[in-house]
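Read off the chains here:
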Amino acid sequence: MSTSISPDITIKEVVEKHPGSDRVFGAHGLPCAGCHVSTHETIRQGAGAHRLDLDALIADLNNFIADGTVPPPRERPASAKTAPPERTRKPGIEHVVAIMSGKGGVGKSLVTALLAVALRKRGFNVGILDADITGPSMARMFGVSERPYEGVDKKPHPPATRTGIPIMSMNLILDNEGDAVIWRGPMVSRAIQQFYTDLEWGKIDYLFIDLPPGTSDAPLTVLQALPVSGVVLVTTPQGLTTMIVSKAVKLAQQLKVPVVGLVENMSFFEDKETGKRYELFGESKGVQLVVESGAPLLAQLPIDPALTQLCDAGRVEEYQSPDYDTLAENFVKILPALTAQTKAS
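What you are looking at is a predicted structure, and each value in this text was computed from that prediction instead of being measured.

**Here's the deal with helix 7 (residues 185-197)**
Move 1: Over its 13 residues, helix 7 extends 18 Å from the first C-alpha to the last, a length consistent with the 18 Å expected when each residue adds 1.5 Å.
Move 2: Within the sequence span of helix 7, burial applies to Gly185, Val188, Ser189, Ala191, Ile192, Phe195 and Tyr196. For helix 7, the buried positions fall inside an angular range of 160° around the axis, keeping them on one side.
Move 3: Against the buried residues of helix 7 lie strand 1 (93-100), strand 2 (126-130), strand 5 (167-168), strand 6 (204-210) and helix 8 (217-225).

Structure (structure tokens):
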């Protein structure tokens, strides 16, 4: 007697009962068969979340159970293929700058914070949107814990830092900042767009968007749906990092968003007593990325324990150093290019 799969059982049940069936899910573009989501998500829910053909998936699962047939990769239904969203410009926000890397752990959030503080000190109105929905850190670096508030206009406003930088981060709307945000890509993308469009940012000369690692949902949403004037790429001297950051360069180029500058973080450690520099992660690879992206190297930032302590204490706005001054001065020099790009778009 043949077994018929019900669409209302969990994905995990199917995979455990019928070893190898995860390949059927994979052929339909349902990658969660082997992850934690599958423990509580039914086949119907998974197909709905990924906009898949439920009937075809069930049929292929039944065929696999009957004779072990694994289908070739399936095309998604036409309704699942959507055109890139139109870029939405928020009144009051003049320029949007995305900070990205492709690689995790290189210091994108740090560079975002330092650039925002640099412009704020020079009299610009700046804001920070933390687009790392599942790994937000920006609010902690600035010591901001207040939730968005309702202004006199009855609209939601982001809280501000000590020096008046409005900031929005997922941690600011969680009951506990340690809570995990277990969301699929579409929900992450929607949250980023709502942070930009639904909050009243006020008059902003430069809105900095701190992107999470990778070249997938969040970066795509920002680069396609928001009016990004330019991208600042963050890297480290490691060859592996350089290879991954190259992917981010290609993403920006394919989406026709200019890379306006590069920042090499953790370039060296300087012994304050002797003045000797140690390249802990190898020699600089910045020139390679400059050639590939056509963008200037804005700064090579050192490993600085004092900066780490300030970030942990929520006092990043107090940081001062010659290398930081170099970053700030060089970034100010490229502002005309950002303005030109904004007018062109």
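Picking up after the structure, the text goes on.
**Focus: the packing of aromatic side chains**
Move 1: Applying the stated criterion across every chain yields a total of 3 aromatic pairs.
Move 2: Each ring, one from Phe208 and one from Phe331, has its centre 5.9 Å from the other, and the planes form 45°; the classification is tilted. Separated by 123 residues along the polypeptide, Phe208 in strand 6 and Phe331 in helix 12 (residues 322-333) bring together distant segments of the chain.
Move 3: On the basis of relative accessibility, which here comes to 0%, the residue Phe208 falls in the buried class.
Move 4: Phe331 sits in the buried class, given a relative accessible area of 1%.
Move 5: Over the aromatic face of Phe268 sits the side chain of Arg277, whose NZ or CZ is 3.8 Å from the ring centroid.

**Here we look at the environment of Val260**
Move 1: Among the secondary structure elements, Val260 is positioned in strand 8 (residues 259-264).
Move 2: Along the chain, Val260 and Ala56 lie 204 residues apart, while their C-alpha atoms are 46 Å from each other.
Move 3: Excluding its chain neighbours within four sequence positions, the residues that come into contact with Val260 are Gly230, Val231, Val232, Ala295, Pro296, Ile334 and Leu338.

**Comments concerning the nonpolar core**
Move 1: Counting 43 residues, the largest nonpolar core has Leu114, Phe142, Phe208, Val232, Leu327 and Phe331 as the members making the most contacts within it.
Move 2: Considering each element in turn, this core owes the most residues, 9 residues, to helix 5 (residues 108-121).
Move 3: The contacts of Phe208, once residues within four sequence positions are left out, are Val97, Ile99, Thr112, Leu115, Ala116, Leu119, Val126, Gly127, Ile128, Leu129 and Phe331.

**A few points about a nonpolar patch on the surface**
Move 1: Together, Tyr278, Leu280 and Phe281 line one region of the surface with nonpolar side chains, adding up to about 270 Å² of accessible area.
Move 2: Take Tyr278: it is sitting in strand 10 (residues 277-278).

**Thoughts on the side chain of Glu264**
Move 1: Counting through the fold element by element, Glu264 comes out in strand 8.
Move 2: At 2.9 Å, the side chain of Glu264 and the side chain of Ser267 are in polar contact.
Move 3: A polar contact of 3.1 Å, which involves the side chain of Glu264, links it to the side chain of Gln300.
Move 4: Once residues within four sequence positions are removed from consideration, Glu264 is found in contact with Thr235, Thr236, Pro237, Ser284, Lys285, Gly286, Leu297, Ala299, Gln300 and Leu301.

Each value, and the rule that gives it
Residues numbered from 1 in each chain as written. Predicted model: local features only at pLDDT ≥ 70, side-chain atom pairs only at ≥ 80, totals over all residues. Heavy atoms only, no water. Helix = DSSP H or I, 4+ residues; strand = E, 2+ residues; numbered from the N terminus. Expected span 1.5 Å × (residues − 1). Buried < 20%, exposed > 50% of the residue type's maximum accessible area, 1.4 Å probe, protein only. Arc of directions from axis to C-beta. Contact = heavy atoms within 4.5 Å. Phe/Tyr/Trp six-rings, centres within 6.5 Å; stacked < 30°, edge-to-face > 60°. Lys NZ or Arg CZ within 6 Å of the ring centre and 35° of its normal. Core = buried A, V, L, I, M, F, W, Y, C linked by side-chain atoms within 4.5 Å. Patch = residues over 30% accessible without salt bridge, like charges linked within 9 Å, V, L, I, M, F, W, Y side chains within 5 Å. Areas by Shrake-Rupley, 256 points an atom, 1.4 Å probe, with all protein chains shown as cover. Salt bridge = Lys/Arg side-chain N within 4 Å of Asp/Glu carboxyl O. Polar contact = N/O pair within 3.5 Å; in protein donor to acceptor, adjacent residues only side chain to side chain.

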